[in-house]
Amino acid sequence: MNIDDVKKRAEQLRQEIQKHNYLYYVENNPEISDFEYDLLLAELESIEKQYPELKTDDSPTQKVGSDLTRGFVSKKHPYPMLSLSNTYTIEEIQAFINRILKIVDRQPTFVCELKFDGASISLHYRNGQLSEALTRGDGEQGDDVLQNVLTIANIPRQINTNIDFIVVRGEIIMTRETFNKLNQERIEQNESPFANPRNAAAGTLKLLDPDIVAKRNLECYLYYLLGDTIEISTHFERLKQLKHWGFNVPEWTKLCHNIDEINHFISYWDKERTNLPFDIDGIVIKVNEIDLQEQLGFTAKNPRWAIAYKFKAEQATTKIISVSYQVGRTGIITPVANLEPVLLSGTIVKRASLHNADQIKLKDIRIGDYVIIEKGGEIIPKVVGVDLSKRPEHLAPFTFITHCPECHTPLIRNEGEAAHICPNYYCPPQIKGRIEHFVSRKAMNIEGLGTETIDELVTKNLINNPADIYKLTKEQLITLEHFADKAAENLLKSIEQSKNTPFPRVLFALGIRYVGETVAYKLANSLKNIERIINATFEELIRIDEIGEKIAHSIINYFQQSVHRMLIDELKKAGLQFEMKNDALPKSDKLKGMTIVVTGTFPHPYNRKKMEELVVQHGGKLVKSVSKSTSLIVAGEKPGPDKMQLGQQFGIKIIHQDDFLSMIESE
Ligand code: IVH
């Protein structure tokens, strides 16, 4: 490779890693496994080491990924919240110990702990009182998710100490049992399931409604105590102190004196981990003595006194019986291997994704082969390779289908793309997929229109596109299976209510390829109405934050198709929102992160509705009833006595109109 190629590759890697950071930390929906991610990072690190001139300040090798999101107040971490460098072999741990021995003045001991696979949290206690709970964010500052953390059992709100400020760090996790139940509910409600408990825990922690968080049964394990005036001199003793204060400290922790003991702990948990009720993705090894930790210090991203040993994703070998093809809502064909059932990471696996024709060809996967499967970031496991030693003789090379398995239209491939596509817009799974996406909770949120009902409506030719939903009548609905009067009325009500869905979500509901929730919001917020979006040029689009060439082409291509313009006309006629409402736009974010109840009557020119609008316009979350997670009550004349009593009982701040108005008007 010449220097230009190396430069290009480094840039490519940086973009790729940043994309995966975003998918992991913000979307909680990673596309690749941690191991694959670490390979990308290692390649970039090695290029930057060899060519230091190519290193940039914002390179992902220099910064931890960021989980900062809209809707929370972000605050500075009093001690940076770093990540751990990952290792995969015992030799790398030996190298870690050797590096330490070169720096410190005496032999350290090591604490081995489980590496919980969840979302990290930093709890701040001021004079023993829990005052903030910050996510890792970008390591420098994190989002304050205290209201959500308060819903988690066994996080003490108060501890018995006279130390004025301490920080306790740990991991918020979801057990596999809770995760399975949650996903089942989500599937029943036509919502996309979480890929794994980590994503579910991290996603839940960032919900804006603590009442929903409370129902998700999150748990928290604490493994790190920090503070300038703590006199306990070892990590192991600090964990004991945390336990004494009432924190949920992991019991699976061991003080080790040498590499053999560390190795033993690792091998034990590599086998035993499937018997734990939650996921761990490795072992953390920490220098025990705090003064030695201080001597060792930190690099830009990691402490030098701790390291993670990551378990390799569990693998299993099984036979491919056949290959079937799924047709997505955008027409993309995904080949899926049907397997002889096999146990992998605690679940029986019968299917694995083969991604696309190129991947099958590259790995030379054939029907009848024994393949190695592995769980990556996604729900469906993937085939990572073929066990050629088990290949039966004369196994025919694989041939990809040429026609759509559902509507038999010849498949096409767009230039530069790996996917085969069914170009028939009216191919039944595409029609159903578009409608399923349109009604889903994050889009139009139409309750009562599950996959089976959509199937029946499409099959009976009652709906063909999202606009047809708004033409459904009660008489039509009661002809459906399992649809009595009440269900039909509820569905019609939900359809009617969906007309108030704000423009960004309507835009997301259209299902334009690559236009997820965030891009839809940015697009709607910059161009304000659908006409400007339809007529936007490529240059206008790529000027918008988060919109690159690929997304811009996709948006232009979508609106060039008359079928889409007709759909929008019909949806407009049905009364959907196609412009950004100015009064819905935030005026400030002074109330960001606050859950507010407005009660009583308010003198002219205000009234309760106006006061409630002000809460929303200034970034607050308006709720109707008082709970432990309410941050503020705005009380007018004759406030609800129950609300006031509960407010006092929970120690919630109660303010009157004047104070509220000066709060939002202050500079
Ligand atoms: S200690 C400065 N201990 O792993 C070191 N981290 O990749 C602080 N994690 O961000 C971290 N279990 O979210 C530590 N027993 C454990 C852990 C643990 C899980 C997570 C944590 C951290 C990430 C690093």
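What counts as what
- Residues numbered from 1 in each chain as written.
- Predicted model: local features only at pLDDT ≥ 70, side-chain atom pairs only at ≥ 80, totals over all residues.
- Heavy atoms only, no water.
- Helix = DSSP H or I, 4+ residues; strand = E, 2+ residues; numbered from the N terminus.
- Rg over C-alpha atoms; globule rule 2.2 N^0.38 Å.
- Buried < 20%, exposed > 50% of the residue type's maximum accessible area, 1.4 Å probe, protein only.
- Contact = heavy atoms within 4.5 Å.
- Areas by Shrake-Rupley, 256 points an atom, 1.4 Å probe, with all protein chains shown as cover.
- Lys, Arg positive; Asp, Glu negative; His and termini not counted.
- Charge placed at Lys NZ, Arg CZ, Asp CG, Glu CD.
- Core = buried A, V, L, I, M, F, W, Y, C linked by side-chain atoms within 4.5 Å.
- Near = heavy atom within 4 Å.
- Polar contact = N/O pair within 3.5 Å; in protein donor to acceptor, adjacent residues only side chain to side chain.
- Nonpolar A, V, L, I, M, F, W, Y, C, P; charged D, E, K, R; others polar.
- Pairing = 2+ DSSP bridges.
- Axes fitted to C-alpha atoms, helices over the stretch in contact; angles between N-to-C directions.
- Disulfide = S-S within 2.5 Å.
- Salt bridge = Lys/Arg side-chain N within 4 Å of Asp/Glu carboxyl O.
- Phe/Tyr/Trp six-rings, centres within 6.5 Å; stacked < 30°, edge-to-face > 60°.
- Lys NZ or Arg CZ within 6 Å of the ring centre and 35° of its normal.

Peer 1: Talk me through the overall build of the protein chain; I want residue IDs and the actual numbers.
Peer 2: Within the protein chain, the secondary structure is distributed over 24 helices and 22 strands. Relative to a compact globule of 667 residues, whose C-alpha radius of gyration would be 26 Å, the protein chain shows 28 Å and is just as compact. Taken over the C-alpha atoms alone, the protein chain extends approximately 85 × 80 × 50 Å along its principal axes. Within the protein chain, buried positions represent 49% of all 667 residues. A separation threshold of at least 6 residues defines the contact pool for the protein chain, and within that pool the share at least 24 residues apart is 67%. Within the structure as shown, the protein chain displays about 33,400 Å² of accessible surface, and the carbon and sulfur contribution to it stands at 50%. Measuring between centres, the 82 positive side-chain charges of the protein chain sit 2 Å from its 91 negative side-chain charges.

Peer 1: How would you summarise the nonpolar core if you had to cite specific residues and measurements?
Peer 2: Counting residues in each nonpolar core, the largest one holds 54 residues, and the members touching the most others are Ile469, Tyr470 and Ile555. Sequence-distant contacts of Ile555, that is, excluding residues within four places in its chain, are made with Ile512, Val515, Leu523, Ile533, Leu541 and Ile547. One finds Phe165, Ile280, Val287 and Phe311 within the second-largest nonpolar core, a separate group that totals 37 residues.

Peer 1: Before we move on, could you go through the site of the ligand and cite the residues and values that matter?
Peer 2: In the vicinity of the ligand lie 13 residues, with Glu113, Leu114, Ser120, Glu171 and Lys286 positioned nearest. For the ligand, a nitrogen atom lies 3.0 Å from a polar atom in the backbone of Leu114. The separation between a nitrogen atom of the ligand and a polar side-chain atom of Tyr223 is 3.4 Å. Secondary structure elements with two or more residues in the shell around the ligand: strand E3 (110-116) and strand E10 (280-287). The element contributing the most residues to the shell around the ligand is E3, with 4 residues. Residue composition of the shell around the ligand, grouped by class: 6 nonpolar, 2 polar and 5 charged.

Peer 1: Just give me the short version of the side chain of Gln293, but keep the residues and values in it.
Peer 2: Mapped onto the secondary structure, Gln293 falls in helix H10 (residues 290-296). When sequence neighbours within four positions are dropped, the list of residues in contact with Gln293 reads His235, Val287, Asn288 and Trp305.

Peer 1: Can you lay out the environment of Leu134 for me, pointing to particular residues and giving the numbers?
Peer 2: Within the fold, Leu134 resides in strand E5 (residues 129-135). Spatially, the C-alpha atom of Leu134 lies 5.1 Å from that of Ser122, the residues being 12 residues apart in sequence.

Peer 1: I'd like a description of the sheet that holds E5, backed by residues and values.
Peer 2: Strand-to-strand pairing in sheets goes through backbone hydrogen bonds, with the strands running parallel or antiparallel. Taken in spatial order, the 4 strands make up an open sheet running E5-E4-E7-E8, and their pairing is antiparallel. One side of each edge strand has no neighbouring strand; the edge strands of this open sheet are E5 and strand E8 (219-226). On average, each strand axis in the sheet is inclined to that of its neighbour by 30 degrees, with strand direction left out of account. The pairing of strand E4 (residues 119-126) with strand E7 (residues 165-173) spans 8 bridges and is classified as antiparallel. Within the sheet, the bridge partner assigned to His124 lies in E7 and is Val167. This element, helix H8 (residues 235-244), spans E7 and E8 of the sheet and lies at about 130 degrees to E8.

Peer 1: So what about unusual backbone geometry? Which residues, and what values?
Peer 2: Of note, the phi angle at His482 is positive, near 55 degrees, even though the residue is not glycine. For His482, the position within the fold is in the loop between helix H14 (474-477) and helix H15 (485-497). With a phi close to 70 degrees, Lys528 is a non-glycine residue in the positive phi region. Mapped onto the fold, Lys528 is located in the loop between helix H17 (517-527) and helix H18 (530-535).

Peer 1: Outline the side chain of Thr501, supporting the account with residue identities and numerical values.
Peer 2: If you trace the backbone, Thr501 turns up in the loop between H15 and helix H16 (503-509). Within the structure, the side chain of Thr501 is placed 2.6 Å from the backbone oxygen of Ser498, a separation counted as a polar contact. Not counting residues within four places of it along the chain, the set of residues in contact with Thr501 comprises Ala443, Met444, Val506 and Gln577.

Peer 1: Mind laying out the state of the cysteines, listing which residues take part and the relevant values?
Peer 2: The tally for this structure, following the rule as stated, stands at 0 disulfides. Free cysteine: Cys407, not disulfide-bonded; nearest cysteine sulfur from Cys422 at 3.6 Å. Free of any disulfide, Cys427 has its nearest cysteine sulfur in Cys407, 3.7 Å distant.

Peer 1: Kindly report on the sheet that holds E3, identifying the contributing residues and their values.
Peer 2: With respect to topology, 5 strands assemble into an open sheet ordered E2-E11-E10-E3-E9, the strand pairing being mixed. Looking along the sheet, the strands with just one partner apiece sit at the ends: strand E2 (86-87) and strand E9 (254-256). Looking at chain direction, E2 and strand E11 (residues 306-310) are connected through 2 bridges and run parallel. Paired with Thr87 across the bridge in E11 is Tyr309. In this fold H8 packs onto E3, E9 and E10, with an angle of close to 55 degrees to the strand it touches most, E3.

Peer 1: Can you lay out the pattern of salt bridges for me, pointing to particular residues and giving the numbers?
Peer 2: In total, this model carries 32 salt bridges according to the counting rule given. Here Asp143 ties to Lys206 by a salt bridge, and the two come within 2.9 Å at their closest N and O atoms. Of this pair, Asp143 sits in strand E6 (residues 141-143) while Lys206 is found in the loop between helix H6 (197-205) and helix H7 (210-215), placing the two residues 63 residues apart along the sequence. Residue class for Asp143 comes out buried when judged on its relative accessible area of 1%.

Peer 1: So, the packing of aromatic side chains: which residues are in play, and what are the values?
Peer 2: Applying the stated criterion across every chain yields a total of 18 aromatic pairs. Ring geometry for Tyr425 versus Tyr426: centroids 5.3 Å apart, planes at 85 degrees, classification edge-to-face. Positioned above the aromatic ring of Tyr224, the side-chain terminus of Lys286 is 5.9 Å from the ring centre.

Peer 1: Lay out the pairing of strand E16 (residues 382-386) in plain terms, naming residues and giving numbers.
Peer 2: Buried residues dominate E16, accounting for 4 of its 5 residues. Pairing of strand E15 (residues 370-374) with E16, which is carried by 4 bridges, proceeds in the antiparallel orientation. Counted as the bridge partner of Ile373 is Val383 from E16.

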